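Report on the structure
Spelled out from the first residue to the last, the chains are:
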Amino acid sequence: MKSVARKTLIIFLALLFSLPQSSGAASATDEHLVLSIESVFCSAGDCKKILEDAVLSIEGVDTVELKVKEHRFEIRFDAETTTPEEIREKAADATGLELVIIDQLEEE
């Protein structure tokens, strides 16, 4: 129970102090990253949006989609601005979730 309360607090703080969101515009160096999530404790729309916004606030991240049933984030990012490992670390810090890189595709 304490773990859920801690994660909820982390998500709330991440939302409260999140950086301005990216414009979502694609660049010539966009890449696609998939992060596996050990477990997602919520699936309600607001909770999903909070988690997505926390990851979207990371510099260089263009788009984020949390696929709750598949336990993963699908992320499009600018490879000139950030790296997959940097995104994984910052996303884990922002969401309080354990994340593992499971796929990375360079956009054509």
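Residues numbered from 1 in each chain as written. Predicted model: local features only at pLDDT ≥ 70, side-chain atom pairs only at ≥ 80, totals over all residues. Heavy atoms only, no water.

**Things to note about helix 3 (residues 84-95)**
Between the first and last C-alpha of helix 3 there are 16 Å, a value that for 12 residues agrees with the 16 Å anticipated at 1.5 Å per step. Within helix 3, burial applies to P84, I87, A91, A92, A94 and T95. Projected down its long axis, helix 3 shows its buried positions confined to an angular sector of 165°, all on one face. Directly beyond the C-terminal end of helix 3, a positive phi value near 75° is found at G96. (Helix = DSSP H or I, 4+ residues; strand = E, 2+ residues; numbered from the N terminus. Expected span 1.5 Å × (residues − 1). Buried < 20%, exposed > 50% of the residue type's maximum accessible area, 1.4 Å probe, protein only. Arc of directions from axis to C-beta.)

**Comments concerning unusual backbone geometry**
Not every positive phi belongs to a glycine, and H71 is a case in point at roughly 55°. Here H71 lies in the loop between strand 2 (61-67) and strand 3 (72-78). Given the relative accessible area of 33%, H71 is considered partly exposed.

**Some details on the confidence of the model for the protein**
For the protein, the average pLDDT comes to 76, and 65% of its residues sit at 70 or higher. Ranking the elements of the protein by mean pLDDT puts helix 1 (residues 2-16) last, at 47, and strand 3 first, at 94. Taken as a whole, residues 11-24 scores under 50 in pLDDT and shows 17 contacts with residues more than four places along the chain or in a different chain. (pLDDT = per-residue confidence, 0-100. Contact = heavy atoms within 4.5 Å.)

**Thoughts on the pairing of strand 3**
Counted residue by residue, strand 3 has 5 buried out of 7 residues, so it is predominantly covered. Here strand 1 (residues 30-37) pairs with strand 3 via 7 bridges, running antiparallel. Note that in strand 3 the partner of H32 across the bridge is R76. Taking the residues between adjacent antiparallel strands as the criterion, strand 2 and strand 3 are bridged by 4 residues, where H71 takes a positive phi near 55°. (Pairing = 2+ DSSP bridges.)

**Overview of the pattern of salt bridges**
Taken as a whole and judged by the stated rule, the model has 7 salt bridges. Salt-bridge contacts for E74 lead to R72; the nearest nitrogen and oxygen are separated by 2.4 Å. Residue E74 is classed as buried on the basis of its relative accessible area, which comes to 16%. Here K90 makes a salt bridge to E86, at a shortest N to O gap of 3.2 Å. Here K90 and its partner E86 are both found in helix 3, 4 residues apart, which amounts to about one turn of the helix. Under the relative-accessibility criterion, K90 is labelled partly exposed at 38%. Exposure remark for E86: the relative accessible area of 31% places this residue in the partly exposed category. Connected through salt bridges with shared partners, the residues K67, E70, R72 and E74 form a single ionic network. (Salt bridge = Lys/Arg side-chain N within 4 Å of Asp/Glu carboxyl O.)

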